[in-house]
Amino acid sequence: MVILRSIAFNLAFYLATTLIAVLGLPALVSRRAVIRLAQGWGNVTLWLLRVVGGVTVEFRGLANIPEGPVLVAAKHQSALETLALVTVFPDFAYILKRELLWIPLVGWFLSRSGMVAIDRSKGSRAMAAMNEAAADVIGARRQLIIFPEGTRRPPGAPPAYKLGITHLYATLGVPCLPVALDTGLYWPRRSLVRRPGITVIEFLAPIPPGLDRARFLDTVQARIETASDALLAAGRADLLARGHAVPPPVRDASPTA
């Protein structure tokens, strides 16, 4: 049954995504129209995931989201959080790799929506360009979302936080909102399987600006990892109670794209 539901969801997801992208081309007239289209796409996907795939996304700690511009630092285990977070923030921008802008059709929307695209081949110059583009996003009172580990990590893998998050925190001077989750249990990376259950995305207490870089990195990592580990433990128990096979924690995974 899990395989059949997963196949049905994936077919529905890709069909809906294609239709929304094609029919939504007129939204390219403005950045805000593209943002609204993305939020609609995210809500449609979460509905399909719940109704067809049997996976419900539960948002916790919404009251912790501060008003105005904020730096959002989210754990990254799955494609699920990339589409779920767009339904929460009113005027979001992701930090993403430049290559995503080259995807036909999708790249047009990413470019028009004012995402912060990073050319990793430029080394230190990429950091300077990221800081400048990020400052523009925050100056427009938007919500800037970054995955501090840079790529998806399997549930339970040791943390691999990069220094980009500390540069942004020190440069932007706004609160940082840590986000914990257990989505990798229900929508695993590099897999078409969707395990039915309730996956949680939790917004933690924001970290105020002004900490030194080392203390900030220790704080944001500790908050995200502690909360994510707790969610993973509860999620594994939930899946086992539903009779689903759950892979053990991956404690020696090295970062991969």
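Residues numbered from 1 in each chain as written. Predicted model: local features only at pLDDT ≥ 70, side-chain atom pairs only at ≥ 80, totals over all residues. Heavy atoms only, no water.

In this section: helix α7 (residues 213–241). With 29 residues, α7 should reach 42 Å at 1.5 Å per residue; the first-to-last C-alpha distance of 42 Å fits that figure. The N-cap residue of α7 is Asp212: its side-chain oxygen and the backbone nitrogen of Ala214 are 3.2 Å apart. One or two positions beyond α7, positive phi appears at Gly243, with a value near 85°. (Helix = DSSP H or I, 4+ residues; strand = E, 2+ residues; numbered from the N terminus. Expected span 1.5 Å × (residues − 1). Polar contact = N/O pair within 3.5 Å; in protein donor to acceptor, adjacent residues only side chain to side chain.)

This part covers the pattern of salt bridges. All told, the structure shown has eight salt bridges when counted by the stated rule. A salt bridge links Arg31 to Asp91; the nearest nitrogen and oxygen atoms lie 2.7 Å apart. Of this pair, Arg31 sits in helix α2 (residues 31–51) while Asp91 sits in the loop between α3 (80–84) and β3 (92–97), and the two are 60 residues apart along the sequence. For Arg142, the salt bridge goes to Asp91, with nearest N and O atoms at 3.3 Å. Here Asp91 lies in the loop between α3 and β3 and Arg142 lies in the loop between α5 (124–139) and β5 (143–146), a separation of 51 residues in the sequence. Residues Arg142 and Asp91 agree in their burial class; the two are buried. Look at the salt bridges and you will find they share partners, linking Arg31, Arg32, Asp91 and Arg142 into a network. (Salt bridge = Lys/Arg side-chain N within 4 Å of Asp/Glu carboxyl O. Buried < 20%, exposed > 50% of the residue type's maximum accessible area, 1.4 Å probe, protein only.)

Attention now moves to the packing of helix α1 (residues 2–23) against α2. In the contact formed by α1 and α2, the axes pass within 10 Å of each other and the chain directions differ by 160°. Accordingly, the angle class assigned to the pair α1 and α2 is roughly antiparallel. Considering how the two elements wind past one another, α1 and α2 form a crossing that is right-handed. Each of Arg5, Phe9, Ala12, Phe13, Ala16, Thr17 and Ile20 in α1 lies in contact with α2, whose residues at this interface are Leu37, Trp41, Val44, Thr45, Leu48, Leu49, Arg50 and Val51. Considered class by class, the residues forming the contact of α1 with α2 number 11 nonpolar, two polar and two charged. (Axes fitted to C-alpha atoms, helices over the stretch in contact; angles between N-to-C directions. Parallel < 35°, antiparallel > 145°, perpendicular 65-115°, else oblique. Left-handed = near helix turned anticlockwise from the far one by under 90°. Contact = heavy atoms within 4.5 Å. Nonpolar A, V, L, I, M, F, W, Y, C, P; charged D, E, K, R; others polar.)

Turning to the sheet that holds β3, a few remarks are in order. An order of β1-β7-β6-β2-β5-β3-β4 is seen for the seven strands of this open sheet, with the pairing classed as mixed. Looking at which strands have only one partner, the edges of the open sheet turn out to be β1 (55–60) and β4 (116–118). Each strand axis lies, on average, 20° off the axis of its neighbour in the sheet, ignoring direction. Together, β1 and β3 form the strand contacts of α2, whose direction differs from that of β1 by roughly 125°. Running at roughly 165° to strand β2 (residues 70–74), helix α6 (residues 164–172) makes contact with β2, β3, β5 and β6 (176–181) of the sheet. (Pairing = 2+ DSSP bridges.)

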